[in-house]
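# Structural overview
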Amino acid sequence: MRVLETIQQMRSSCEAARQGEKRLGFVPTMGALHEGHLSLVRAAKARCQVVAASIFVNPTQFGPNEDFSKYPRSFERDQKLLEKEGVELLFAPSVEEMYPEGAVTFVTVEGLSERLCGKSRPGHFRGVTTVVSKLFHITQPDLAFFGQKDAAQVAIIRRMVLDLNLGVEIVVCPIVREADGLAMSSRNAYLSQQQRRSALVLSRSLAQVKKLFEQGERCAGKLGAAGRQVFSEEPSVRLDYFQIVNPETLEPVESISAPALVAVAAFVGGTRLIDNIVLAN
Ligand code: PAF
């Protein structure tokens, strides 16, 4: 595996790797890798002749009071994991390389970027779409792989790719969960043992909604209320939102007649976690 630190090196390495009609798959990450990320790499390996990944903790997607400075960084460990999975190219730029002084251009997907996490994290999705579009321009992948856990991110990136004619196929891989149901996240590393137990309220609330849906309930209001009720039994966890929305537009739905995204975000101590399920008839 080659590690590239400059845009120029990454661009020319990707260009060379694509020679001979080879399909290039790309897995963008912020590092602190877990099985969820590795499942993206495995999906990329299954569909592409060459796989590139990136590790870049992107400052523009963190708010001023968020965890940019303490976000877990484990570059050497991550590098070994990616190498073991057969990644050929790893892009690991510095902040200065990605955002040289004077950079003032951003990519915004309007409307969608203010929904779900975008509402409580203003500017977050603008940072995500800016860095992802830069990474796509640098690597020019045929396919790019994202996790369903960030369902709003997926919807926003799909819209960006469509609107800007980026010509990258977005592949979405299922959420990878711990044995007890907790969705894997780099931020789970922040949780104490007690918080780790409390965090199960996220997946429990979604399981409750799924159960009611399977019993025939189709009213989004009732399903949402049932999910929120589960949180009232875990007062140490502060619910940010529990919403049932259209998976493409992220707008709330009233009743479930087409696939609907049930998305939740909550603070466990100072750690903000997200999870979701898709309900389909
Ligand atoms: O999902 C993430 O880890 C990040 O939002 C991404 C897509 C790598 C952009 O920084």
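Preceding block: the structure.
Just so you know, the residues in each chain are numbered from 1, in the order the chain's sequence is written. pLDDT decides what is reported in this predicted model: residues at 70 or higher carry local features, side-chain atom pairs at 80 or more are listed and counted, and totals for whole chains, interfaces and linings draw on all residues regardless. Only hydrogens and water are set aside; all other atoms, that is, all heavy atoms of the structure, feed into the side-chain values.

## Structural notes on the pattern of salt bridges
Throughout this description, the term salt bridge denotes a Lys or Arg side-chain nitrogen within 4 Å of a carboxyl oxygen of Asp or Glu. What the rule picks out here adds up to 13 salt bridges. R47 is the partner of E169 in a salt bridge, and the nearest nitrogen-oxygen pair spans 3.2 Å. With E169 in strand β6 (residues 169–173) and R47 in helix α2 (residues 35–47), this pair connects stretches of sequence that are 122 residues apart. Buried means the residue's accessible area, taken with a 1.4 Å probe over protein chains only, is under 20% of the maximum for its type, while exposed means over 50%, and partly exposed covers the values in between. By relative accessible area, which is 32% here, R47 ends up partly exposed. Strands are runs of DSSP state E lasting at least 2 residues, helices are runs of H or I lasting at least 4, and numbering of each runs from the N terminus.

## Topic: the sheet that holds strand β9 (residues 271–279)
Strands in a sheet are paired, the pairing made by backbone hydrogen bonds, and the direction either parallel or antiparallel. Two strands are said to pair when DSSP picks up at least two bridges between them. The strand order across the open sheet formed by three strands is β7-β8-β9, and the pairing between neighbours is antiparallel. Edge positions in the sheet fall to β7 (237–245) and β9, since each has one partner strand and no second. Each strand axis lies, on average, 15° off the axis of its neighbour in the sheet, ignoring direction. Sheet topology note: the β7/strand β8 (residues 260–268) ladder contains eight bridges and is antiparallel. In the strand pairing of β8, F242 is matched with V264. It only takes one pair of heavy atoms within 4.5 Å for two residues to be counted as in contact. An axis is simply a line fitted to the C-alpha atoms; with a helix, the fit covers only the stretch in contact. Between two such axes, the angle follows the N-to-C directions and lies from 0 to 180 degrees. With respect to the sheet, helix α10 (residues 220–232) is in contact with β7, β8 and β9, its orientation differing from that of β7 by roughly 165°.

## So, the packing of aromatic side chains
What describes a pair of aromatic rings is the distance from one ring centre to the other and the angle between the planes of the rings. Aromatic pairing here means that ring centres of Phe, Tyr or Trp (its six-membered ring) are within 6.5 Å. Orientation follows from the plane angle: under 30 degrees is stacked, over 60 is edge-to-face, and everything else is tilted. Tallied over the entire structure, the rule returns six aromatic pairs. Residues F56 and Y99 carry aromatic rings whose centres are separated by 6.2 Å and whose planes lie at 35° to one another, so their mutual orientation is tilted. Remark: Y99 occurs in the loop between α4 (95–98) and α5 (117–120) and F56 occurs in the loop between β3 (50–55) and α3 (75–84); sequence separation between them is 43 residues. Each member of the pair, F56 together with Y99, is buried. Geometrically, the ring pair formed by F136 and F146 is edge-to-face, given 6.4 Å between the ring centres and 70° between the ring planes. Of the two residues, F136 is situated in helix α6 (residues 124–139) and F146 in strand β5 (residues 143–147); the sequence distance between them amounts to 10 residues. Each member of the pair, F136 as well as F146, is classed as buried. Members of the aromatic cluster, connected to one another through ring pairs, are F26, F136 and F146. Charges are assigned to positions over rings by a cutoff of 6 Å between ring centre and Lys NZ or Arg CZ, combined with an angular limit of 35 degrees from the ring normal. Over the ring of F68 we find R73, and its NZ or CZ is 4.9 Å from the ring centre. The positively charged end of R218 is found above the aromatic ring belonging to F213, 3.8 Å away from the centroid.

Coordinates in, geometry out; function isn't part of it.
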